[in-house]
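# Secondary and tertiary structure notes
Now for the letters of each chain:
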Amino acid sequence: MRRPTFGTLLLAALPSLSGAPSTALAQAARPTCESCHGELEFLRQHVPTLEDARKLMSPEATLAASAHGSMSCSDCHDGFRRYPHGATATTLNCQSCHEEVARVWSLGMHALDSAATCRDCHGTHDVKPLRELRTPEGARAMRQACGSCHFEPVSAGLDPHADSVSCAGCHEPHRTLPAEDERANTNPLNQGRTCGACHDTMATAWRADVHGTAVPEMARPGGRLPEGATSPEPPACSACHGAHGMLAPSDPGFQARMVERCSHCHEPYAESYADSYHGQASTLGSAVAATCHDCHGSHGIYPASDPRSTVSDARRLDTCRTCHQQATAGFALFQPHADHNDREKYPYVYWSYHLMTTLLIGVFLVFGAHTALWLARLGFDALRGTSHGARHDVGGGS
Amino acid sequence: MTVPKPDAPLHLDSAQRGEGPFVWRFQAYHRWTHAAVIVSFFLLVLTGLPLRFSQAFWAGPLMALLGGVEMAGLLHRIGAGITFAYFGAHLGFLVHKLVRAPDPMKLLWGPDSLVPQPRDVVDFVRQIRWYFGRGPRPRFTRWSYMEKFDYFAVFWGVAIIGGSGLMLWFPEFFARFIPGWVFNVATIVHADEALLAAGFIFTIHFFHVHFRPEKFPLDAVMFTGRATKAYMEEEHPLVMEQIEIHASQPPSLEQKPDTPAPPPTRRASLIAAALGFAAVAVGLALTGMILWAVILY
């Protein structure tokens, strides 16, 4: 039972309550909201339907478990303190207590046409305390609440954030903005900060690398496409990891997903990779074959010309050795992205590819013709009825 | 010596065509070597092809069927092991034969030798003239020029594909002596030469041995080791001019080539036909998959 507040005391102090339920009020030492709003039978006598009566029933238990558990009915239903309730009795806005939050909310998308007000997300009597929102149950509940308007599919079983980070963990909950908005937490310009709040090491390494430094240039209107990139998508966190339904690095599908993500912006390299043994085996599901980040790293990627790069001349052999432990300096001269059409850069690969292709075409042309003519001859003879006639006419040289 | 009543010939096997007694063409050694070639070749092609055409729609399911990339890699290396084993054994066989033969020169030259000779060029030209109605069909000795090509193609193939394959199998070892870009070249050579070998066997060799009208639907002489006199007189007439085969002669138990052979039992014929048809079916399916991938990717 909640402690009595001003409102309940006031109710209890009223000397005469004509028209009030005789039993409930007469027996109660201190009349409370429950004295009437806890009695369905009584309420039913004053409203047209049973449904209306149910709506008037006090949600006492729900309120007790909510963030507002220590508050009384009249703290919000301010105009209903007096009994009988006046015809113009009103309920207070949330902002009368939560002034700052309401101001922030008014700056976000949810405030446009009051698309989503406090109660649309928080409910009414069941407002959850913050500590409960920060539990797996809270995250799930929020996903459900947000999901009633936003249909972004979330495969809760795979997404590593499903039970640990709620919607509000990434999307600013009150000043909610679309990711296209430069001020949004989820905008590529701000993802480093948003994700970095939990993943600081990665975000810090990324911020300085070839991707992190490209984002400010690419994300703004009229952004320029860096050399080598084949997609204008700014390479912030979500460009590689995705957002809803992302996979954990421990997930078996993570490697393939990453190759696909890298390919999105680095098409020519994706093609030459797919032609290499690394790419072929990984395409077919090998868990050990090297994928992009096995050689290039993930957070802290630099161009090969940069000594910090894992594929720079200085560090390449060490990178090869993470898998090929016995690798020698000569081993690291392998060209994992050789393009057999680039004669300038990969002459040996160019010539071996073109010679082999010529050999194949040549052999199949010669023997294909040899075979086709053989069939044609036999077919011709069969039509003329001389199939074996010419067979034994000539002696072989011996 | 009692000769059991011979089974009826299996007409699916073109080596049992026509009348006449059977004659030995391949000894057990040849047949077992060829069987090892078949087994290892199919193992290698089945496990290598999905890698070569990893983007093709059938590559993933075929890999899954084989037990995944790692399992396919193991099977591929087992196939390579069988290949190196029969290849080494064959080199030993050749040396043994050359040393033991009363006339080693007959192995290196002449109508019984597999070594390409001027007569093969003549036969080839005659074959082309025959195609265009400009002359009679050439008459072959023990080995037609097509068969010689097939035989030496294995040497070429094992050397090129086997050599590049070994490099890619043990890259860290080979990188001590050769620069890493050689592995780029080895990958291309290995894959394309293997594609050439598979394509050649599944189309040209299969046509020459099984599909041409004289042989259709199957020639099982390499499985049963023997063929009828009628078959030999058409395929290798110059051999039959040198030997006399009569139904009255007792069959040779040594399986010595050119000696009379007992007809294969019905059971042996059926097993040979089943193996042959299985190999042909798988080969044709793989050819379809290769063509599909080559055209689409």
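What you see is a predicted model; the values in this text were computed from it and never measured.

Conventions adopted
Residues numbered from 1 in each chain as written. Chains lettered and ligands numbered in written order. Predicted model: local features only at pLDDT ≥ 70, side-chain atom pairs only at ≥ 80, totals over all residues. Helix = DSSP H or I, 4+ residues; strand = E, 2+ residues; numbered from the N terminus. Axes fitted to C-alpha atoms, helices over the stretch in contact; angles between N-to-C directions. Parallel < 35°, antiparallel > 145°, perpendicular 65-115°, else oblique. Left-handed = near helix turned anticlockwise from the far one by under 90°. Contact = placed C-beta atoms within 7 Å. Nonpolar A, V, L, I, M, F, W, Y, C, P; charged D, E, K, R; others polar. Pairing = 2+ DSSP bridges. pLDDT = per-residue confidence, 0-100.

### Some details on the environment of Asn185(A)
Along the chain, Asn185(A) turns up in the loop between helix H12 (167-170) and helix H13 (188-196). For Asn185(A) and Arg175(A), which are ten residues apart along the polypeptide, the C-alpha to C-alpha distance reads 9.7 Å.

### Details of the packing of helix H1 (residues 28-52) of chain B against helix H3 (residues 68-100) of chain B
Residue and element names in this part refer to chain B. At a minimum axis distance of 8 Å, the contact between H1 and H3 shows a crossing angle of 155°. Classified by the angle their axes make, H1 and H3 are roughly antiparallel. You can see that H1 and H3 cross each other, and the crossing is left-handed. Here Tyr29, Thr33, Ala36, Val37, Val39, Ser40, Leu43, Leu44, Thr47 and Gly48 of H1 come into contact with H3, specifically with Ala72, Leu75, His76, Ile78, Gly79, Ala80, Ile82, Thr83, Tyr86, His90 and Phe93. By residue class, the composition of the contact of H1 with H3 is 13 nonpolar, eight polar and no charged.

### A closer look at the sheet that holds strand E1 (residues 22-24) of chain B
Residues and elements named next belong to chain B. An order of E2-E1-E3 is seen for the three strands of this open sheet, with the pairing classed as antiparallel. Every interior strand has two partners, whereas the edge strands, strand E2 (226-228) and strand E3 (260-261), have only one. As judged from the two bridges shared by E1 and E3, these two strands associate in the antiparallel manner. Paired with phenylalanine 22 across the strands is alanine 261, a residue of E3.

### Looking at unusual backbone geometry
Each neighbour pair has its own omega, and for Phe216(B) with Pro217(B) the value is 0°, a cis peptide bond. The topology assignment puts Pro217(B) in the loop between helix H8 (181-211) and helix H9 (221-224). Even without being a glycine, Asp113(A) presents a positive backbone phi close to 55°. Take Asp113(A): it is sitting in the loop between helix H8 (99-105) and helix H9 (118-122). Here the phi dihedral of Asp258(B) falls at roughly 75°; this positive angle occurs in a residue that is not glycine. Here Asp258(B) is to be found in the loop between helix H11 (237-242) and E3.

### A look at the interface of chain A and chain B
Each partner contributes to the interface: chain A provides 45 residues, whereas chain B provides 48 residues. Listed by contribution, the elements that provide at least two residues to the side of chain A that touches chain B are helix H19 (277-283) and helix H22 (347-384) of chain A. Considering only residue class, the side of chain A that touches chain B consists of 24 nonpolar, 18 polar and three charged.

### Quick notes on the confidence of the model for chain A
Put simply, chain A has an average pLDDT of 84, and 88% of its residues get 70 or more. Taken together, the stretch residues 389-398 of chain A has pLDDT below 50 and engages in 19 contacts with residues farther than four places along the chain or on a different chain.

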